[in-house]
Amino acid sequence: MENMDIAVIGAGFAGMTAALYAARAGARVTLFEKAAEGGQILTAPRVENYPALGETDGVALAGRLGEQVRAAGAEIRPAAVTGIAREGMGWLLQTESGDVTCRALILAVGAKRRRLGVPGEDRLAGHGVSWCATCDGNFFRGLDVAVIGGGNTAFSEAIGLAAICQTVTVLYRSDEPRAERSVLSRAERLPNLVRMPGSRVTEILGGETVTGVRVEQDGKETVQAVSGVFEAVGTVPDTALFASLLPLAPDGGIVTDGKCRTALPGVFAVGDCRAGAVRQLVTAAADGAVAGILATKESNL
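What counts and how
- Residues numbered from 1 in each chain as written.
- Predicted model: local features only at pLDDT ≥ 70, side-chain atom pairs only at ≥ 80, totals over all residues.
- Heavy atoms only, no water.
- Helix = DSSP H or I, 4+ residues; strand = E, 2+ residues; numbered from the N terminus.
- Rg over C-alpha atoms; globule rule 2.2 N^0.38 Å.
- Buried < 20%, exposed > 50% of the residue type's maximum accessible area, 1.4 Å probe, protein only.
- Contact = heavy atoms within 4.5 Å.
- Areas by Shrake-Rupley, 256 points an atom, 1.4 Å probe, with all protein chains shown as cover.
- Lys, Arg positive; Asp, Glu negative; His and termini not counted.
- Charge placed at Lys NZ, Arg CZ, Asp CG, Glu CD.
- Pairing = 2+ DSSP bridges.
- Axes fitted to C-alpha atoms, helices over the stretch in contact; angles between N-to-C directions.
- 1 Å grid on protein atoms, 1.4 Å probe; cavity = no way out; pocket = protein on both sides within 12 Å on 5 of 7 lines; lining within 4 Å.
- Points joined across faces, edges and corners; volume = space filled by probe spheres on them.
- Nonpolar A, V, L, I, M, F, W, Y, C, P; charged D, E, K, R; others polar.

Peer 1: Can you walk me through the overall build of the chain in this structure?
Peer 2: Helix and strand counts for the chain stand at six helices and 17 strands. Rg of the C-alpha trace for the chain: 21 Å, near the compact-globule value of 19 Å for 301 residues, within the 12% margin. Per-residue burial for the chain yields a buried fraction of 50% across its 301 residues. Nonlocal contacts in the chain, meaning residues at least 24 apart in sequence, comprise 59% of its contacts between residues at least 6 apart. For the chain, the computed accessible surface area is about 13,800 Å², with 51% contributed by carbon and sulfur atoms. Treating the 29 positive side-chain charges of the chain as one cloud and the 33 negative ones as another, the clouds have centres 4 Å apart.

So this is what it looks like as structure tokens:
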């Protein structure tokens, strides 16, 4: 069985930062990532609020951090963790690449996109319904699409789609969007980006592919003809694997103290999976740094 000092589950921004700090302190660290290295930041076409960094894109930022983590001596392994159990003074992880043990464990599993829960959504997922404009936007080049959500993610994705789609309609339930002023100002300059405040999508329409959305607005029901629907209505912590091991907050986040410690010895939670997380790059990096340092110190590595 393979042994390591610290295992990190999740190679997003928080997990990679934790691994960077732990590896620089001399620990043997392996990150396990079930999907794409970099996490949610990969879907951000434009990052402009990380202190002193200026403007960049998520893919480039994640790539640079990954290189830095590997240069520090940590391994990033493309394998999912499927089970966790206590093993002596440490932890046993069941993974797709075999069982491993570690003295400290850092949970950086992030969050997954929330779903609308309306008819047609599940049936048309992957056939016009998407949760990632960066991933799937090019399939809708020259077509009409809808983005559902009123936050930064929704408007950022709408701005990116407006560069390649004929029209982009942004639907959100509130009277005013939650996106930051700097994001909204860019959206307002785009003639093919249309906003529909106070609107609620009740159904996604289509046979083999999406043909439209049914919308309630001001007490009236209309159908918006679109070929693609991009959902950006928030996220939920991806913590189902730990529900029987750790206390979770009502929103599904892992409960920690102010230093990212969970209720279990030697187990830390960082980033978007942590209860009360602000869910910004800078706070993810801060969580990772705290957990990486403390996991090394408190495990006597």
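Read on for the rest.
Peer 1: How should the side chain of Asp-5 be read in this particular structure?
Peer 2: Looking at the element boundaries, Asp-5 is found in strand β1 (residues 2-9). Asp-5 gets classed as buried once you look at its relative accessible area, which sits at 9%.

Peer 1: When you look at the sheet that holds strand β14 (residues 220-225) in this model, what are you seeing that I'm missing?
Peer 2: Adjacent strands of a sheet form backbone hydrogen bonds with each other and so pair up, either parallel or antiparallel. Overall, antiparallel pairing links the three strands, which are arranged β12-β13-β14 in an open sheet. Each edge of the sheet is formed by a strand with only one pairing partner; in this case those strands are β12 (199-206) and β14. The sheet shows a mean angle of 25° between the axes of neighbouring strands, taken without regard to direction.

Peer 1: Explanation requested: empty space enclosed by the protein in the structure shown.
Peer 2: A probe matching the size of a water molecule, rolled over the atoms, marks out where space remains unfilled. Applying the stated rule across the entire model yields one cavity of 30 Å³ or more. In this structure, the largest cavity encloses a volume near 40 Å³. Taken together, Ile-84, Trp-91, Leu-105, Leu-107, Phe-242, Leu-245, Leu-246, Leu-264 and Val-267 make up the lining of the largest cavity. Among the residues forming the lining of the largest cavity, the class breakdown is nine nonpolar, no polar and no charged.

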